Amino acid sequence: MPHPYETLPEDRFWRTAVGERDALAIQGLWKPKLKITRRTHIVTAGSCFAQHFAKALRTRRYRWIDHEPGPPGLTAAQKHDYHYGTFSFRTGNIYTPRMLLQWLRWALTEAEPPDEVWESGGRFYDPFRPAVEPGGFASVEELRASRRETLAAIKSAVTTAQVLVFTMGLTEAWANRETGVEYAVCPGTVAGEFDPLAHVFTNHRYGALLADMGAVLKLLVRGNRRLNVLLTVSPVPLTATASENHVLTATSHSKSLLRAVASELMLRSTRVDYFPSYEIITHPVYQGRFYAPNQRSVLPEGVDHVMTSFFRDQAAAFGS
């Protein structure tokens, strides 16, 4: 009787699938279970690498939906500076599952964001998206009105979309010590003032990450029963780590946990898929060719290769 490996296709063996191929000729890394066409309503959120999905979808005339396009008359440069058109809503980067869960609770339930506001030089900054308004808001009222617009955009996005692409970026975060509410960045970096008595560092562990993403999925399904989720993990290393580890090993720790969470969610739910942009950029077989000399920034050709793989694997699974 033949053993199980005798009938496997060649992409299950390292020699034929990887070892004997040029790295750029490796194909079939993704076997998608979610069909995404030019008619699919897609929204994107997450860490900085999620921006590339939006751009690629727009370029190929897919229906990426921007639910917070900003006021008319802005130039392309102004839209970029004010974080319009970066994601499907103006949250700025959402690095952790906990931060995504917070935004969804504020947008989809009766939960309210804390009253905390950061002030500097008479200008006001939103602790949960401090970089979206260069120079800060003119008043607290303006800040809160802007946040309400973003919350409305989040609700519109997740209740009408068919696919949410969410890129997980970090396990490390800073939170309010009293309330536990997580900030977008460490206070005192982009804005605000760091207070060791008020602010606490956390490095989310596997169980917490999985629980947060499980709560995210429940909220999404409650708001929109036809919504599916495509997860990715950002290949961009940590800029810095507040853990006691070297930044290289801290990066490996964070990305490994996020990658494991993505697989577990994909196995648990027919609504969840995982696209391996992380592996395409970071795996040793690509010899770092997709990174800039700083070994952190992903080059345009790396993004192009990732998105070419995305659309090619979709076509292989469902036809062009």
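Just so it is clear, the model here is predicted, and its values are computed rather than measured.

Turning next to the overall build of the protein. Summing up its helical and strand segments, the protein has nine helices and eight strands in all. Seen through its C-alpha atoms, the protein measures out along the principal axes to roughly 75 × 45 × 35 Å. Surface exposure of the protein reaches about 15900 Å², of which carbon and sulfur atoms provide 53%. When the 36 positive and 31 negative side-chain charges of the protein are each reduced to one mean point, those points stand 9 Å apart.

On to the packing of aromatic side chains. In this structure the tally under the stated criterion is 14 aromatic pairs. Seen in terms of ring centroids, Trp30 and Phe310 are 5.0 Å apart; in terms of plane orientation they differ by 25°. Their pairing is stacked. A residue pair is termed long-range when its members are at least 10 positions apart, and Trp30 in the loop between helix H1 (14-19) and strand E1 (42-46) and Phe310 in helix H9 (residues 300-318) qualify at 280 residues. Considered together, Trp30 and Phe310 belong to a single accessibility category, that of buried residues. In textbook terms, an aromatic cluster arises when at least three aromatic residues are bridged by ring pairs, as seen for Trp30, Phe53, Tyr62, Phe275, Phe310 and Phe311. Seen from the ring of Trp64, Arg58 lies directly overhead, with NZ or CZ sitting 4.9 Å from the centre.

Glancing now at the pairing of strand E7 (residues 228-233). Summarising burial for E7: five of the six residues are buried, a large majority. Looking at chain direction, strand E4 (residues 163-168) and E7 are connected through six bridges and run parallel. Bridge pairing in E7 links Phe166 to Leu231. As defined by bridge partners, E7 adjoins strand E8 (residues 272-274) across three bridges and the pair is classed as parallel. Bridged to Leu230 within E8 is Asp273. Between the parallel elements E7 and E8, the chain passes through helix H7 (residues 247-268) in a crossover that is right-handed.

Structurally, the position occupied by Leu170 is in the loop between E4 and strand E5 (172-176). Note: C-alpha distance between Leu170 and Leu257 (87 residues apart in sequence) is 9.3 Å. If we skip the residues at most four places from it in the chain, Leu170 touches Tyr95, Thr96, Pro97, Leu238 and Leu258.

Once that is clear, we can look at unusual backbone geometry. Although it is not a glycine, His83 adopts a positive phi angle of roughly 65°. With respect to the secondary-structure elements, His83 resides in the loop between helix H3 (76-81) and helix H4 (97-108). In this model, Gln287 sits at a positive phi of 55°, which is unusual for a non-glycine residue. Within the secondary structure, Gln287 sits in the loop between helix H8 (277-282) and H9.

The next subject is the layout of surface pockets. A volume near 680 Å³ is recorded for the largest pocket. The wall of the largest pocket is formed by 36 residues, among which Tyr95, Leu170, Ala184, Val185 and Cys186 lie closest to the centre. Top element by residues in the lining of the largest pocket is E5. It accounts for three residues. Class assignment for the residues of the lining of the largest pocket results in 20 nonpolar, eleven polar and five charged.

Take helix H2 (residues 50-59) next. Since the α-helix turns once every 3.6 residues, residues separated by three or four places project in the same direction. Every buried residue of H2 is listed here: Ala50, Phe53, Ala54, Ala56 and Leu57. Buried residues in H2 make contact with E1, E4, E7 and H9.

To continue, consider the state of the cysteines. Following the criterion strictly, the structure yields zero disulfides and no others. Cys48 forms no disulfide, and the closest cysteine sulfur to it belongs to Cys186, at a distance of 18 Å. For Cys48, a relative accessible area of 27% puts it in the partly exposed group.

If you trace the backbone, Val185 turns up in the loop between E5 and strand E6 (199-203). When the C-alpha positions of Val185 and Ala17 are compared, they lie 41 Å apart, and in sequence the two are 168 residues distant. Excluding residues that lie within four positions of it along the chain, Val185 makes contacts with Trp118, Pro130, Trp174 and Val190.

It is worth spelling out the packing of H4 against helix H6 (residues 206-223) at this point. Between H4 and H6, the shortest axis-to-axis distance is 9 Å and the interhelical angle comes to 25°. When the axis of H4 is compared with that of H6, the two are roughly parallel. Seen from above, H4 lies across H6 with left-handed handedness. Only Ala208, Leu209, Asp212, Met213, Ala215, Val216, Leu219 and Leu220 of H6 make contact with H4, whose side of the interface consists of Pro97, Arg98, Leu100, Leu101, Leu104, Arg105 and Leu108.

Basis of the calculations
Residues numbered from 1 in each chain as written. Predicted model: local features only at pLDDT ≥ 70, side-chain atom pairs only at ≥ 80, totals over all residues. Heavy atoms only, no water. Helix = DSSP H or I, 4+ residues; strand = E, 2+ residues; numbered from the N terminus. Areas by Shrake-Rupley, 256 points an atom, 1.4 Å probe, with all protein chains shown as cover. Lys, Arg positive; Asp, Glu negative; His and termini not counted. Charge placed at Lys NZ, Arg CZ, Asp CG, Glu CD. Phe/Tyr/Trp six-rings, centres within 6.5 Å; stacked < 30°, edge-to-face > 60°. Buried < 20%, exposed > 50% of the residue type's maximum accessible area, 1.4 Å probe, protein only. Lys NZ or Arg CZ within 6 Å of the ring centre and 35° of its normal. Pairing = 2+ DSSP bridges. Right-handed = clockwise from strand over helix to strand, strands pointing away. Contact = heavy atoms within 4.5 Å. 1 Å grid on protein atoms, 1.4 Å probe; cavity = no way out; pocket = protein on both sides within 12 Å on 5 of 7 lines; lining within 4 Å. Points joined across faces, edges and corners; volume = space filled by probe spheres on them. Nonpolar A, V, L, I, M, F, W, Y, C, P; charged D, E, K, R; others polar. Disulfide = S-S within 2.5 Å. Axes fitted to C-alpha atoms, helices over the stretch in contact; angles between N-to-C directions. Parallel < 35°, antiparallel > 145°, perpendicular 65-115°, else oblique. Left-handed = near helix turned anticlockwise from the far one by under 90°.

Functional significance is not addressed by these values, which are geometric in nature.
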